[in-house]
Amino acid sequence: MDYENFIDEQIAHIKQTVGEAKAINALSGGVDSSLVTVLGHRALGDQLRTVFVDNALMRKGEPQQVVEIFASLGIAVELVDAKNEFLSALAGLTDPEEKRQAVTDTFYSKVFSRLVKESDAKYLLHGTILTDIEETVDGIKRQHNILTQLGIDTEKEYGYSVLEPLKTLRKDDVREVAKLLGLPAEISQRIPFPGPALATRIIGEVTLDRLETVRAATSIVEEELADSGAFQYLAVLLNDRATGIRNKKREFGQIIVVRCIESTDARTATVTKLPWDKLNRVSERITRIKGVNRCLYDLTPKPPATIEYI
Ligand code: XMP
């Protein structure tokens, strides 16, 4: 694929389609939505409003980091604080699918649809890639029809259109184009991170305290395993407790699982043979997190396990 040509064509297409109208897109910091943001701003400049929704489920410092990276590229990103909306939608939920659904619904049906309606945007730019379309057709993923997810009736509100400039690209292509357009390696080479974010890394109820625990463990795992060359690495907070000893006192503490895997497309995965010293260091640091007294390394490939825990 001629990437330079792809960039020129997409910029011209977005410019021509949108004309003098306004457009909006949601940036998550993932490579797909980041690339759409850069292409969109090259084509439309200030006519494109880019929002980053803080859902309380991101990694430590992530919303601010994403805003800063784009500021350094000359692109203004509006940080929308929706933390309370997501936390209250998740309160009391323990079922994995209900938790996922709550995050999706809060994003599309509440927060993003409100932002779309409030703005004068006639176009939505969306980072759908070829694999998303294939998986939707294969029935692996729930449908990616963003207008339906936004609760927008295309018949009645015909003014809205969705542009999907990446729909002919696969992940490798997305990373190459992102690099060509000057996105830093921390975006173009970012390890996969799921849409429902840290909600997929907590078994049981998602609360502020439990988020703080898994966020701290995630920072340690990402720091320690950055040089592992693995496809993906993550930390999960279990819903069980285990007895331990701290400061000579019995403690019924929390349990963190560390997962580190090799894969090419996330459809299957094997476990990384991490050096023992590395595992020890991770375990020592994780069990220093308040209330956590066990750290486990997951030895299960996919299948039969999945990569995430919910
Ligand atoms: P599983 O857990 O199904 O994950 O083996 C496969 C890959 O997909 C990522 N993942 C998601 N990505 N939204 C996403 O954008 C999601 O809801 C989601 N769930 C899982 C996961 O991190 C892994 O790379």
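Within each chain, residues carry numbers counting from 1 in the order of the written sequence. Thresholds applied to this predicted model are a pLDDT of at least 70 for local features of residues and 80 or more for the giving and counting of side-chain atom pairs; totals over whole chains, interfaces and linings are not thresholded and use all residues. Side-chain metrics in this entry use all non-hydrogen atoms of the structure; hydrogen atoms and water are not considered.

Partly exposed describes any residue whose relative accessible area lies between the buried limit of under 20% and the exposed limit of over 50%, with all areas from a 1.4 Å probe on protein chains only and scaled to the type maximum. Each helix is a run of DSSP H or I of at least 4 residues and each strand a run of E of at least 2, with the numbering of both proceeding from the N terminus. In terms of residue burial, strand E7 (residues 249–262) counts as a mostly covered element, since 10 of its 14 residues are buried. Pairing analysis gives 12 bridges linking strand E6 (residues 232–246) to E7, with the strands arranged antiparallel. Its bridge partner being in E7, Leu234 is matched across the sheet by Arg259. Hairpin remark: E6 followed by E7, antiparallel, with 2 residues in the connecting loop; positive phi at Asn247, about 50 degrees. At least two bridges found by DSSP between two strands are what make those strands a pair.

Time to look at the site of the ligand. Neighbouring the ligand are the residues Arg100, Pro192, Pro194, Gly195, Pro196, Gln232, Ala266, Lys302, Thr306, Ile307 and Glu308. Take Arg100: an N or O atom from its side chain is 2.6 Å from an oxygen atom of the ligand. Between the ligand and the protein, one listed contact pairs an oxygen atom with a backbone N or O atom of Ile307 at 2.7 Å. A total of 500 Å² of accessible area belongs to the ligand in isolation, and the protein chains cover 69% of it. For the shell around the ligand, the residue count by class is 5 nonpolar, 3 polar and 3 charged. We define proximity as follows: a residue is near a molecule or strand when any one of its heavy atoms falls within 4 Å of that partner. Polar contacts, as counted here, are pairs of nitrogen or oxygen atoms within 3.5 Å of one another; within protein the pair requires one atom able to donate a hydrogen and one able to accept it, and residues that are adjacent in sequence qualify only if both atoms are side-chain atoms. Here the Shrake-Rupley method, with its probe set to 1.4 Å, supplies the accessible areas, and only the displayed protein chains count as covering residues. Just so you know the grouping, Ala, Val, Leu, Ile, Met, Phe, Trp, Tyr, Cys and Pro go in nonpolar, Asp, Glu, Lys and Arg go in charged, and all remaining residues, Gly too, go in polar.

Turning next to the nonpolar core. Counting 86 residues, the largest nonpolar core has Leu39, Phe70 and Ile286 as its most contacted members. Those residues within four positions of Leu39 in sequence are excluded, and the remaining contacts are Phe6, Ile7, Gln10, Ile11, Ile14, Pro165, Leu166 and Leu181. Here, the term nonpolar core denotes a set of buried Ala, Val, Leu, Ile, Met, Phe, Trp, Tyr and Cys residues that are joined through side-chain atoms within 4.5 Å. Counting 10 residues, the second largest nonpolar core, distinct from the first, contains Phe231, Leu234, Ala242 and Ala269. Throughout, a residue-residue contact means that at least one pair of heavy atoms, one from each residue, lies within 4.5 Å.

Another point: the packing of aromatic side chains. In this scheme Phe, Tyr and Trp rings, the latter by its six-membered ring, pair at centre separations within 6.5 Å, and the angle between planes marks the pair as stacked below 30 degrees, edge-to-face above 60, and tilted otherwise. Counted according to the given criterion, the structure contains 2 aromatic pairs. Ring centres of Phe107 and Tyr108 lie 4.9 Å apart, and the angle between their planes is 85 degrees; this geometry places the pair in the edge-to-face category. Look at Tyr108 and you get buried, because its relative accessible area is 16%. Measuring from centroid to centroid gives 5.5 Å for Phe107 and Phe112, while their planes differ by 15 degrees, and the two rings are stacked. Chaining the aromatic ring pairs together yields one cluster made of Phe107, Tyr108 and Phe112. Geometrically, a lysine NZ or arginine CZ counts as sitting over a ring once it is within 6 Å of the ring centre and also within 35 degrees of the ring normal. Arg59 extends its terminal NZ or CZ atom over the ring of Phe193, reaching a point 3.8 Å from the ring centre.

A word on the pattern of salt bridges. For this document, the term salt bridge refers to a Lys or Arg side-chain nitrogen within 4 Å of an Asp or Glu carboxyl oxygen. Taken as a whole, this structure holds 18 salt bridges when the rule is applied. Salt-bridge contacts for Arg285 lead to Glu224; the nearest nitrogen and oxygen are separated by 2.8 Å. Within this pair, whereas Arg285 is found in helix H11 (residues 276–286), its partner Glu224 is found in helix H10 (residues 208–225), the two being separated by 61 residues in sequence. Classification of Arg285 by relative accessible area gives buried; the value is 17%. If you follow the salt bridges from partner to partner, you end up with Glu223, Glu224, Lys278, Arg281 and Arg285 in one network.

Now for unusual backbone geometry. Between Lys302 and the following residue, Pro303, the backbone shows a cis peptide bond with an omega angle of -15 degrees. Here Pro303 lies in the segment after strand E9 (292–297). In this model, Pro303 is joined to Pro304 through a cis peptide bond whose omega is 10 degrees. Looking at the element boundaries, Pro304 is found in the segment after E9. Unlike most non-glycine residues, Ala56 shows phi in positive territory, near 75 degrees. Looking at the element boundaries, Ala56 is found in the loop between strand E2 (48–54) and helix H3 (62–72). Looking at Ala56, the relative accessible area reads 5%, which means it is buried. Here Asn247, not a glycine, exhibits a phi torsion of approximately 50 degrees, which is positive. The residue Asn247 is located in the loop between E6 and E7 in this model.

What a helix should span is 1.5 Å times the count of its residues minus one. Taking 1.5 Å of rise per residue, the 16 residues of helix H1 (residues 3–18) would be expected to cover 22 Å, and the 22 Å separating its terminal C-alpha atoms lies within 8% of that figure. In this fold, the buried residues of H1 make contact with helix H2 (31–44), strand E4 (123–125), strand E5 (161–163) and helix H8 (171–180). Where H1 begins, the capping side chain belongs to Asp2, and its oxygen is found 3.2 Å from the backbone nitrogen of Glu4.

Before going further, it helps to spend a moment on the sheet that holds strand E1 (residues 23–26). Across the sheet, which stays open at both edges, the 5 strands sit in the order E3-E2-E1-E4-E5 with parallel pairing between neighbours. Both edges of this open sheet fall to strand E3 (78–81) and E5, since each of them pairs with a single strand only. Sheet twist, expressed as the mean angle between neighbouring strand axes with direction ignored, is 30 degrees. Angles run from 0 to 180 degrees between N-to-C directions of axes, and those axes are lines fitted to C-alpha atoms, restricted for helices to the stretch in contact.

Let us now look at the environment of Ala242. Among the secondary structure elements, Ala242 is positioned in strand E6. Residue Ala242 is classed as buried on the basis of its relative accessible area, which comes to 13%. As a C-alpha pair, Ala242 and Leu296 span 54 residues in sequence and 12 Å in three-dimensional space.

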